[in-house]
Amino acid sequence: MLELTIGIVGATGVVGQTALDLLADEFTDFKVKKLKLYASRASAGKMVTFCNSKITIEEPNLPSMLECNAILFATEASISTEFIPKLAEHGVLCIDKSSAFRAHPSVPLVVPEVNGHLLNPNELKKFPVVASPNCCTIPLVMVLKPLQDKFGLERVILSTYQSVSGAGKPAIDVLTEETKNFFVNQDLTCGKSEIFPKSIAFNVMPYVAGILDNGDTDEESKIISESRKILNSPKLPLAATSVRVPTFVGHGESVTLELSSKVTASQIKETLSEFPGIQIIDEKSAKDEDLGTYGLFVTPRETHGKDDVFVSRIRNTDVFQNGISLWIVSDNLRKGAALNAIQVINSCAANGTLKALSSK
Ligand SMILES: NC(=O)C1=CN([C@@H]2O[C@H](COP(=O)(O)OP(=O)(O)OC[C@H]3O[C@@H](n4cnc5c(N)ncnc54)[C@H](OP(=O)(O)O)[C@@H]3O)[C@@H](O)[C@H]2O)C=CC1
Ligand SMILES: N[C@@H](CC(=O)OP(=O)(O)O)C(=O)O
């Protein structure tokens, strides 16, 4: 098995911490020979325990990062922009969780189950950078891809229900504080925090990141453009409304789509259940005792710590000629972020990319 030195930039954040958990689980096909952790100046010097060894957090710096075979960037886009081109030049595989390189024409935007064939060792040898999509894009394309391949995809209308962990660790603290304030001080002013423009506790907000000139939010625009790139369908009509809700982990997505041919709900179930990484929980006619762990449908909280993308509430709708509505939910920190990135490293270990890069 390939033994690798792996780096995580943003190791103290929610995505970085999830990546650490996943690497400690040893679910990967490669072995972590050495782990190097990076965060901001405020965290530099702190110790993190990983598999019984203590690792000192460093500020990102090129000499140290060049010791890595692969680095996961789980911090803001400006850090990726600063370091990734220099590391790539030296043959370090960079997996970027930020949005910095997602639209770059020479950078593959990869969900391994959907377009893992883009992890081509010959191409990655030239520029070893892989972008990992937005946490709503990943589960959405996991569901759209098998339907597109089998039935043809005409259009998509999406509304998201995004947990606060999508906005990082400080956002989890804001929801906790606002909730405590309500119960302890009976204070529920609709004031803004440093993270959200209005109070998020006991509220919902049709606003995830800034609003662009066309009226979409930045989040909506990313979901649209990234889905089109991954599905290789640059003109796919896709309308998205991103909504922040007061849950901690797990993003939900309500999707209505039009397919090119007439399809029943049971054909959709059959097709999706054959796709790796998807679980269908949609037993509306079952008796209570036969419903299993998740019951009739899956909620965001139930996905916490789970790797799969869950699909429920699959049904025909007459709003389009061949219309289908369904509910998607997954752990935004796992498949929506850290897990997808580690799967990319895994695939690059398996297909010879990392071996080719180390001999560069
Ligand atoms: N959360 C999610 O669901 C998803 C997040 N992403 C993307 O992943 C990235 C990380 O997000 P998330 O974990 O949620 O964010 P967090 O706010 O939880 O963590 C941010 C991390 O970045 C570090 N950091 C901040 N400034 C610097 C710096 N100058 N140099 C090095 N490290 C720095 C922080 O270190 P310190 O603790 O020292 O401040 C911390 O480790 C972002 O690009 C985000 O857009 C993508 C998909 C989903
Ligand atoms: N913005 C998303 C998470 C995220 O970080 O997305 P992106 O990597 O596209 O900025 C959310 O808040 O739920």
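Residues numbered from 1 in each chain as written. Chains lettered and ligands numbered in written order. Predicted model: local features only at pLDDT ≥ 70, side-chain atom pairs only at ≥ 80, totals over all residues. Heavy atoms only, no water.

Per an unreviewed UniProt entry, the protein is named Aspartate-semialdehyde dehydrogenase, and its organism is Silvanigrella aquatica. If you open the UniProt record of the protein and go to Subunit (unreviewed entry), you find "Homodimer." UniProt, in the comment section headed Catalytic activity (unreviewed entry), describes the protein in these words: "L-aspartate 4-semialdehyde + phosphate + NADP(+) = 4-phospho-L-aspartate + NADPH + H(+)". (UniProt positions renumbered as here; feature names shortened; annotations may be inferred.)

Visitor: Any chance you could explain the packing of helix α6 (residues 137-151) against helix α9 (residues 265-273) here in plain terms?
Guide: To describe two helices that pack against each other, one gives the angle between their axes and the distance between the axes. Where α6 meets α9, the closest approach of the two axes is 9 Å, and the angle between their N-to-C directions is 115 degrees. Our pair here, α6 against α9, has a crossing hand that is right-handed. Facing V143, P146, L147, K150 and F151 of α6, the residues of α9 in contact are Q267, I268, T271 and L272. Of the residues assigned to the contact of α6 with α9, the class counts are 6 nonpolar, 2 polar and 1 charged. (Axes fitted to C-alpha atoms, helices over the stretch in contact; angles between N-to-C directions. Helix = DSSP H or I, 4+ residues; strand = E, 2+ residues; numbered from the N terminus. Left-handed = near helix turned anticlockwise from the far one by under 90°. Contact = heavy atoms within 4.5 Å. Nonpolar A, V, L, I, M, F, W, Y, C, P; charged D, E, K, R; others polar.)

Visitor: In this structure, what is going on with the UniProt feature "active site" (unreviewed entry) in the protein? I would like to understand it.
Guide: Mapped onto the present numbering, the UniProt feature "active site" (unreviewed entry) falls on C135 and H251. Despite a sequence span of 117 residues, these residues sit close together in the fold, their greatest C-alpha distance being 7.9 Å. Considering only the residues just annotated, the largest pocket is lined by C135 and H251. Its place among the elements puts C135 in the loop between β7 (129-131) and α6. Residue C135 is classed as buried on the basis of its relative accessible area, which comes to 14%. Beyond its immediate stretch of four places on either side in the chain, C135 contacts H251, E253, N332 and G336. Counting through the fold element by element, H251 comes out in strand β10 (residues 251-259). (1 Å grid on protein atoms, 1.4 Å probe; cavity = no way out; pocket = protein on both sides within 12 Å on 5 of 7 lines; lining within 4 Å. Buried < 20%, exposed > 50% of the residue type's maximum accessible area, 1.4 Å probe, protein only.)

Visitor: Any chance you could explain the nonpolar core here in plain terms?
Guide: Where a protein is soluble and globular, its nonpolar side chains tend to be buried together. With 53 residues, the main nonpolar core has F73, V143, L257, L259, I268, L272 and L326 as its most contacted residues. For this core, the leading source of residues is α6, giving 8 residues. Per-domain counts for this core show at least three residues from each of domain 1 (2-132 + 337-358) and domain 2 (136-330). Apart from residues lying up to four places away in sequence, L326 is in contact with V143, E253, S254, V255, I268, L272, V311, S312, R313, I314 and R315. Counting 40 residues, the second largest nonpolar core, distinct from the first, contains V15, F30, A39 and L333. (Core = buried A, V, L, I, M, F, W, Y, C linked by side-chain atoms within 4.5 Å. Domains from an automatic or database assignment.)

Visitor: Explain the sheet that holds strand β8 (residues 153-162) here, please?
Guide: What links the strands of a sheet is backbone hydrogen bonding, and the strands pair in either a parallel or an antiparallel sense. The strand order across the open sheet built from 6 strands is β9-β8-β10-β13-β12-β11, with neighbouring strands paired in mixed fashion. Each having just a single partner strand, β9 (238-244) and β11 (278-280) make up the two edges of the open sheet. In this sheet, neighbouring strand axes are inclined to one another by 25 degrees on average, regardless of whether the strands run parallel or antiparallel. Sheet analysis places β11 next to strand β12 (residues 309-317), joined by 3 bridges and oriented parallel. (Pairing = 2+ DSSP bridges.)

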